Amino acid sequence: MNDSATDTGGGTRQQGQHSGAADGGNAAGRTGDGTRAVRAGLPEPVKHEPTLPGPVFAAHFHLPGDPTGPYTYGRDENPTWTLLERAIGELEAPGRDDVETLVFASGMAAISSVLFSQLRAGDAVVLPSDGYQVLPLVRAQLEAYGVEVRTAPTGGDAQLDVLDGAKLLWIETPSNPGLDVCDVRRLAEAAHTRGALVAVDNTLASPLGQRPLELGADFSVASGTKQLTGHGDILLGYVTGHDAEAMTAVRRWRKIVGAIPGPMEAWLAHRSIATLELRVERQNATALKVAEALRERPEVSGLRYPGLPDDPSHKIASQQMRRYGCVVSFTLPTRARADRFLDALRLVDDATSFGGVRSTAERRGRWGGDSVPEGFIRLSVGAEDSEDLLADLLRALDESAD
Ligand SMILES: *Cc1c(COP(=O)(O)O)cnc(C)c1O
């Protein structure tokens, strides 16, 4: 795995004046992820003002005379979003001042804004066949608008085979919930050769795990509901991109549909990002230990974690990811066994979603959307002490045995 030695943080200046993550830095002139996370998006210090200004609650802003920006109406812009957008941009693309980030009310708002702002009737788009469970609904809507939708699995870079003539390639890596990984550089290069734009759903990796723009993508899109904010208490989405024209269209879409985050959610998200590196380090380290322990269990099959050296995703993941995420997936022999296991857990809540400080797990098949076995479990590893969590998981496996 690459570490922060690959960072190019020194002197990050995105979207104007602020004392961003990268001021200072270590002896090599680089800023580590922890430093970057705690300082991300902060404004220049102002005497008697808080370090992170509180949420600005405003439907409209005083605006005498000709209506000029930045702040006119609360559906277009908000100062609390501006700081959060800078913070996310610094994490997704450190050291670059040519990227723009837009925050949304949810991950789906961000995803839909890219797809529906970029695609027209007659265009073709390539989606993953094994991606987030709402993508089939998006597909139906795109098709209703006359967009041709092609799908292929994430693993084996299979999307390469259906790229010809496409306007946009949508990648989800690692995929949710199957945890397959594709080669973003290879796919992006092939898509760009054919004139297609490339978007990567970066939800599962988080910007500390993977930087899609550095790998050649035009958009990094994610649900901030998951590890980015990490407490399971807000919904948020974002799009980071470097193509100014494409981002203008995404911004216009946000204005049209009004899929905007509330100032309180935006502020909570920014506050949460300060601990992103701490959470990610703990959660990902424990996820690897959990995967190693589950590998020894005879009742566990289909175990997937991209950080395991013998995982089918590991080779590509180790080349393009900086950290491997907090999600582990595996299959128990039957639906009944999986349900008993989930019931027996004490430190792991039976709940959907992932990335939070409290571990969660669910039998994914209960939703009916993903093509997974009945006993398939998606486990999101939280920030508990790893010994406690491992003991709980192993005890629940024992107690749920036939
Ligand atoms: C959760 C999730 C989304 C959707 O995000 P919301 O914030 O729930 O709208 C999109 N993509 C992936 C990979 C997700 O896990």
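Our subject in this report is the structure included herewith. Note that this is a predicted model, so its numbers are computed, not measured.

Considerations on the pairing of strand β9 (residues 327-331)
Of all 5 residues making up β9, 5 are buried, and the element is well covered by its neighbours. For β9 and strand β12 (residues 376-380), the ladder comprises 5 bridges, and the chain directions are antiparallel. Note that in β12 the partner of F330 across the bridge is I377.

Notes on the packing of aromatic side chains
As enumerated under the stated definition, the model contains 4 aromatic pairs in all. Ring geometry for F116 and Y145: centres 6.0 Å apart, planes at 85 degrees, overall edge-to-face. Taken together, the positions of F116 in helix α3 (residues 107-118) and Y145 in the loop between α4 (135-144) and β3 (148-152) put the pair 29 residues apart, joining distant regions of the chain. On the basis of relative accessible area, F116 is assigned to the buried category, the value being 14%. The interplanar angle of 15 degrees and the centroid separation of 6.1 Å between the aromatic rings of F116 and W253 together place this pair among those described as stacked. Of the two residues, F116 sits in helix α3 while W253 sits in helix α6 (residues 244-257), which places them 137 residues apart along the sequence.

As for the packing of α3 against α6
Look at α3 against α6: their axes get within 9 Å of each other, and the N-to-C directions meet at 115 degrees. The orientation of α3 with respect to α6, classified from their angle, is roughly perpendicular. The hand of the α3/α6 crossing is right-handed. In this structure, α3 uses S112, S113, V114, F116, S117 and Q118 to contact α6, whose residues at the interface are A246, A249, V250 and W253.

With respect to the side chain of E277
Checked against the element boundaries, E277 lands in helix α8 (residues 276-295). Of the side chains with opposite charge, R323 lies nearest to the buried E277, which makes no salt bridge, at 4.2 Å. The residues contacting E277, other than those within four sequence positions of it, are D33, G34, A37, L208 and R323.

As for the side chain of T203
Checked against the element boundaries, T203 lands in the loop between β5 (197-201) and β6 (219-223). Among the polar contacts made by the side chain of T203, one reaches the main-chain amide nitrogen of S223 at a distance of 2.9 Å. Filtering out sequence-adjacent residues up to four positions away, T203 remains in contact with V221, A222, S223, K226 and F354.

Criteria and cut-off values
Residues numbered from 1 in each chain as written. Predicted model: local features only at pLDDT ≥ 70, side-chain atom pairs only at ≥ 80, totals over all residues. Heavy atoms only, no water. Buried < 20%, exposed > 50% of the residue type's maximum accessible area, 1.4 Å probe, protein only. Helix = DSSP H or I, 4+ residues; strand = E, 2+ residues; numbered from the N terminus. Pairing = 2+ DSSP bridges. Phe/Tyr/Trp six-rings, centres within 6.5 Å; stacked < 30°, edge-to-face > 60°. Axes fitted to C-alpha atoms, helices over the stretch in contact; angles between N-to-C directions. Parallel < 35°, antiparallel > 145°, perpendicular 65-115°, else oblique. Left-handed = near helix turned anticlockwise from the far one by under 90°. Contact = heavy atoms within 4.5 Å. Lys, Arg positive; Asp, Glu negative; His and termini not counted. Salt bridge = Lys/Arg side-chain N within 4 Å of Asp/Glu carboxyl O. Polar contact = N/O pair within 3.5 Å; in protein donor to acceptor, adjacent residues only side chain to side chain.

Take it as geometry only, folks, not as evidence of what the structure does.
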